[in-house]
Amino acid sequence: MDTNEFTVLKLFVVGILVNTWLMRGLSATDSFNIEPTAPRPKKACNESRLRWEVEVCGEVFKRDMGHINPQYWCNLTHFISEYHHFTRCTELKADIVSCYWPNPLVESYIIRIHKHFFSNCSEDHVVWVDPPDDTLTILILIPVFLTLAMIALVVWCSKRSDILA
């Protein structure tokens, strides 16, 4: 056997051994129990407690919104953190009392909150604004140039068909 062939053979054997060693270390069956776990029993949703818990979340949200000037209530950037905490609070409280989220009770409370704080935020009509001229020019010229380039490529390839074939 040639020395180069012997070196390639040794590298091949070492590669297989290293691969086997790595795969054994990464195998999930060695370190984890793969038996299915029994689902934990689901308790019934306690809607009366959920109603109270959601009210607590709403009171905290109302208190937090009281610190924000009402003229900024329609601008989400001014109260996004407070709204996130309110939403997260309702999710956690629903989970604590074994209710799914969202559910009709939580949804109705959130709608009441929206009517209270955000009822004046809807616009009567949508105002469409044209993009700046530079952006509009680029958006028009890119497809035009791509179309011209594709046509040129097709013509060039068709003229060279005898060479390419």
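See the structure above.
Residues numbered from 1 in each chain as written. Predicted model: local features only at pLDDT ≥ 70, side-chain atom pairs only at ≥ 80, totals over all residues. Heavy atoms only, no water.

Thoughts on the side chain of threonine 87
Counting through the fold element by element, threonine 87 comes out in helix α4 (residues 76-96). Within the local environment of threonine 87, its side chain forms a polar contact with the backbone oxygen of tyrosine 83, the two atoms lying 2.9 Å apart. (Helix = DSSP H or I, 4+ residues; strand = E, 2+ residues; numbered from the N terminus. Polar contact = N/O pair within 3.5 Å; in protein donor to acceptor, adjacent residues only side chain to side chain.)

So, the state of the cysteines
For the structure on display, the rule yields three disulfides. In this model, cysteine 57 is linked to cysteine 89 through a disulfide, with the two sulfur atoms separated by 1.9 Å. Judged by the sign of its S-S torsion, about -70°, the cystine formed by cysteine 57 and cysteine 89 is left-handed. Of this pair, cysteine 57 sits in helix α3 (residues 47-66) while cysteine 89 sits in helix α4, placing them 32 residues apart in sequence. Accessibility expressed as a relative area gives 2% for cysteine 57, which makes it buried. Numbered in order of appearance, the disulfide-bonded cysteines of the protein chain are paired 1-5, 2-4, 3-6. (Disulfide = S-S within 2.5 Å. Buried < 20%, exposed > 50% of the residue type's maximum accessible area, 1.4 Å probe, protein only.)

Focus on the environment of isoleucine 110
Within the secondary structure layout, isoleucine 110 lies in helix α5 (residues 104-118). Isoleucine 110 sits 24 residues away from phenylalanine 86 along the chain, and the two C-alpha atoms are 9.4 Å apart.

A short note on the nonpolar core
Core analysis: the largest hydrophobic core is formed by 20 residues, its most contacted members being Leu50, Phe61, Met65, Phe86, Ile113, Phe117 and Phe118. At the level of elements, α3, α4 and α5 are the ones that each hand at least two residues to this core. Take this core: its biggest share by element is seven residues, from α5. Contact partners of phenylalanine 118, with chain neighbours within four places excluded, come to Phe61, Met65, Trp73, Phe79, Tyr83 and Ile113. (Core = buried A, V, L, I, M, F, W, Y, C linked by side-chain atoms within 4.5 Å. Contact = heavy atoms within 4.5 Å.)

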